[in-house]
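One letter stands for each residue in the lines below.
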Amino acid sequence: MTLASLPRRPIRELPDELISQIAAGEVVERPASVVRELVDNALDAGATQVTVRLQAGGVRLIAVEDDGSGIPQGELAVALRRHATSKISSLQDLEAVGTMGFRGEALAAINSIADMNLLSRTEGDSHAWQLDGRSGELKPVARSRGTTVEVRELFYATPARRKFLKTDATELAHCIEAVRRHALVRPDVGFAIWHEGKLVEQWRACDDAAGQSAHDQRLADVLGSELLAQSVAVDYRSGTLHITGRAGIPDAARARADQQFAYVNGRYVRDKVLTHAARSAYEDVLHGHRQPVYALYVAMDPARVDVNVHPTKIEVRFRDSREVHQAVRHAVENALAAPRAAAAALAAPNGIIPGSFEPNRPLAHAGWAQPAINFGAQQATRQDARVSDFEAMWPSANPSAVLHEPDQGFHRAEASPARSDNADLPPGDWPLGRAIAQLQGIYVLAENTQGLVIVDMHAAHERIVYERLKSQLDTAAAISSQPLLIPATFAATPQEVATAEASEQTLKALGLEITPFSPRTLAVRAVPTSLAQGDAVELARSVLAELAQHEASTVIQRAQNELLSTMACHGAVRANRKLTLDEMNGLLRQMEATERSDQCNHGRPTWRQVTVKELDSLFLRGR
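Parameters at a glance
Residues numbered from 1 in each chain as written. Predicted model: local features only at pLDDT ≥ 70, side-chain atom pairs only at ≥ 80, totals over all residues. Heavy atoms only, no water. Helix = DSSP H or I, 4+ residues; strand = E, 2+ residues; numbered from the N terminus. Buried < 20%, exposed > 50% of the residue type's maximum accessible area, 1.4 Å probe, protein only. Contact = heavy atoms within 4.5 Å. pLDDT = per-residue confidence, 0-100. Phe/Tyr/Trp six-rings, centres within 6.5 Å; stacked < 30°, edge-to-face > 60°. Salt bridge = Lys/Arg side-chain N within 4 Å of Asp/Glu carboxyl O. Axes fitted to C-alpha atoms, helices over the stretch in contact; angles between N-to-C directions. Left-handed = near helix turned anticlockwise from the far one by under 90°. Nonpolar A, V, L, I, M, F, W, Y, C, P; charged D, E, K, R; others polar. Pairing = 2+ DSSP bridges. Parallel < 35°, antiparallel > 145°, perpendicular 65-115°, else oblique.

Visitor: Tell me about the overall build of the protein chain, and name the residues and values.
Guide: Looking only at helices and strands, one finds 20 helices and 23 strands in the protein chain. With 623 residues in all, the protein chain has 49% of them scored as buried. The contacts of the protein chain with a sequence gap of at least 6 include a subset with a gap of at least 24, amounting to 70%.

In structure tokens form, the structure reads like this:
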């Protein structure tokens, strides 16, 4: 039977119950959706303690109790009607939403697919009132101030929806995750989760204690104290934007993106602009396809963000996505830029520093001698050096000068005649300590107050050279552009044409000139000077794709950084090059002063700390 053969059906209004069940399909996906909506309401009511009780993963029972302001008796029945809310009353309120909920759909939708009871008491009432969501019966009950919402037999009215639920354990995990997302942003509120009469999670309310903020305490409680030990604080302002939180160091990266939390005005969101901005901040410090760990809180004018774009309110739309993208990226970049050696030394003077010793690969043969290298002079002439001068920092190796000394694995470096003061300083004066030797022409060994520091000299110097080249390039007022003798044309999609026309000024700032050649063709007429030898069409397509998705593009910067990274890799000291103590100490001091010096350009670590405690355990001392 085809559609043409079906009898015509008249257009008619749907019954209210069916309308509510359709709305419930948008709002309530699984028990965790109900938990999220009810906890939103509890927080909007000013609760300081929220307790969630579950049975069968939330399918048999979801009860959310709070100690908020409560609902007056006369408003209980209204609360279960569709589009009834106390959060907004006008279009102006909708355009600047400052509460977690505002649609007025959740309670009505949940009531249409489950058995619901609503118990509430306000401050002035002598007792609480209970409303039966199915019959509408109202009766007095005993309860302290606050509200309890009980949801039983979820999806009983729509049995087909129940078939799509997972096991009780899986649904419970989703419910816990929903509460955890609230707990991370509201440290002033206590949360407890009970399942089948047993307490499964509890996070007590936190306040600012000596030396630790309430947010840091809650992060440690929810995600583990390791997150604080392996993360740096984020605090950045840009106009009306304020970004705070924690950004995990590259060593804390994970295989999955399961510990990435982004909040906008206290609301957990999954937003591609925020995700891309945070990920781009880790571009040249993460190895491979590892995923960063972070919890970021974006505070901004509510009128500049639209939260009314998704039924579950988990997606938002920014009025100026580019501004938000740049602010979040710079916030994370600035937090990760500071070398962590000094902070690690202060945080763990006698303990294990994150990223400690791991077994090394087999030892390689030592290399050849080299002329003295003046690290100290590099910093002094940093502003005067040109990008093309990177090779002058290290003399090129002469293959004929290679010394085949297979037995010379450990090299006790001798200081050059003109000794610097660095070699004589006590190890406690410098976070990375004082150089004592060179191992296999690959690693520099240094002593500090915690114990032994092992430095990969090629990786460390590669980062130093790379950051210097980037700083020289960044000092330019704008990205220089080179016109193409013959414009590169390519067939473009309607979206690419629209993006090119709308982003003309942004493209010009990136050193690109892309103009319409015909209704379906674009012409690349100029490219950044540093990328003139590349594929102009591929570059243009990549930039336009990012601009269309995020209203900001890092393609140009990534391409330039790849070139600088290659230059730095070739300009850095190679393995099997003997260094004097002065040169080793100079390298350590440069690392302490260079941004992002804890990782090389490819995201590999440049140094590791082996504490005295770890050395003692290797030799069973004190046992």
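Visitor: Tell me what's going on with the confidence of the model for the protein chain, and back it up with residues and numbers.
Guide: Mean pLDDT over the protein chain stands at 80; residues scoring 70 or higher make up 80%. Element-level mean pLDDT values for the protein chain span from 44 in helix α13 (residues 375–380) up to 97 in strand β7 (residues 190–195). Every residue in residues 349–423 is under pLDDT 50, and counting partners more than four places away or in other chains gives 131 contacts.

Visitor: Could you give me a rundown of the packing of aromatic side chains, with the residues and numbers involved?
Guide: Throughout the structure, instances matching the rule amount to three aromatic pairs. Chaining the aromatic ring pairs together yields one cluster made of Phe261, Tyr263, Tyr268 and Tyr297.

Visitor: Which residues make up the pattern of salt bridges, and what are the values?
Guide: One pass over the full model with this rule turns up 25 salt bridges. Arg329 is the salt-bridge partner of Glu333, the closest N and O atoms lying 3.2 Å from each other. Separated by four residues within a single helix, Glu333 and Arg329 lie in helix α11 (residues 321–337), roughly one turn from each other. Under the relative-accessibility criterion, Glu333 is labelled buried at 19%.

Visitor: Explain the packing of helix α10 (residues 272–281) against α11 to me, and be specific about the residues and the numbers.
Guide: Following both chains from N to C, one finds α10 and α11 inclined at 35 degrees, their axes separated by 8 Å at the closest point. Seen from above, α10 lies across α11 with right-handed handedness. Within the contact between the two elements, α10 uses Val273, Leu274, His276, Ala277, Ala278, Ser280 and Ala281 and α11 uses Ser321, Val324, His325, Val328, Arg329, Val332, Glu333 and Leu336. Of the residues that constitute the contact of α10 with α11, the class distribution is nine nonpolar, four polar and two charged.

Visitor: Mind laying out the pairing of strand β21 (residues 513–518), listing which residues take part and the relevant values?
Guide: Bridge count for β21 against strand β22 (residues 521–528) is five bridges, and the pairing is antiparallel. Bridge pairing in β22 links Ser518 to Thr521. In this antiparallel pair of consecutive strands, β21 and β22, the connection spans two residues.

Visitor: Describe in detail helix α5 (residues 106–113), supporting the description with residues and values.
Guide: Of all eight residues in α5, eight are buried; the element is thus mostly enclosed. Of all the residues in α5, the buried ones are Ala106, Leu107, Ala108, Ala109, Ile110, Asn111, Ser112 and Ile113.

Visitor: Tell me what's going on with the sheet that holds strand β20 (residues 481–491), and back it up with residues and numbers.
Guide: Taken in spatial order, the three strands line up as β20-β22-β21 in an open sheet, and their pairing is antiparallel. A strand with exactly one partner marks an edge of an open sheet, and here the two such strands are β20 and β21. Recorded for the sheet is a direction-independent mean angle of 20 degrees between the axes of neighbouring strands. Relative to the sheet, helix α15 (residues 494–502) contacts β20, β21 and β22, its axis offset from that of β22 by approximately 45 degrees.

Visitor: If you had to explain the packing of helix α2 (residues 31–44) against α5 to someone new, which residues and values would you point to?
Guide: The N-to-C vectors of α2 and α5 enclose an angle of 140 degrees; their axes lie 10 Å apart at closest approach. Here α2 is positioned oblique relative to α5, judged by the angle of their axes. The way α2 lies across α5 gives a crossing that is left-handed. Packed against α2, whose contacting residues are Val34, Glu37, Leu38 and Asn41, the element α5 presents Ala106, Leu107 and Ile110 at the interface. Across the contact of α2 with α5, the residue classes break down as five nonpolar, one polar and one charged.

Visitor: Can you explain unusual backbone geometry? Please cite residues and give values.
Guide: Its identity as a non-glycine residue notwithstanding, Ala56 has a phi of 55 degrees, on the positive side. Residue position: Ala56 is located in the loop between β1 (49–55) and β2 (61–66). Among the residues examined, Ala56 registers a relative accessible area of 11% and is labelled buried. If you check the backbone angles, Leu620 has positive phi at about 60 degrees while not being a glycine. Note on placement: Leu620 falls in the segment after α20 (612–618).

Visitor: Account for the sheet that holds strand β9 (residues 231–238), with residues named and values stated.
Guide: One open sheet accounts for five strands, arranged β9-β10-β13-β11-β12; its pairing is mixed. With partners counted over all chains shown, the strands left at the sheet margins are β9 and β12 (267–268), one partner each. When strand β11 (residues 260–264) meets strand β13 (residues 294–299), the two strands line up parallel, connected through five bridges. Residue pairing across strands places Tyr263 opposite Tyr297, the latter belonging to β13. The strands that helix α7 (residues 168–185) touches are β11, β12 and β13; relative to β11, the one it contacts most, it runs at about 60 degrees. This element, α11, spans β9, β10 (241–248) and β13 of the sheet and lies at about 140 degrees to β9.

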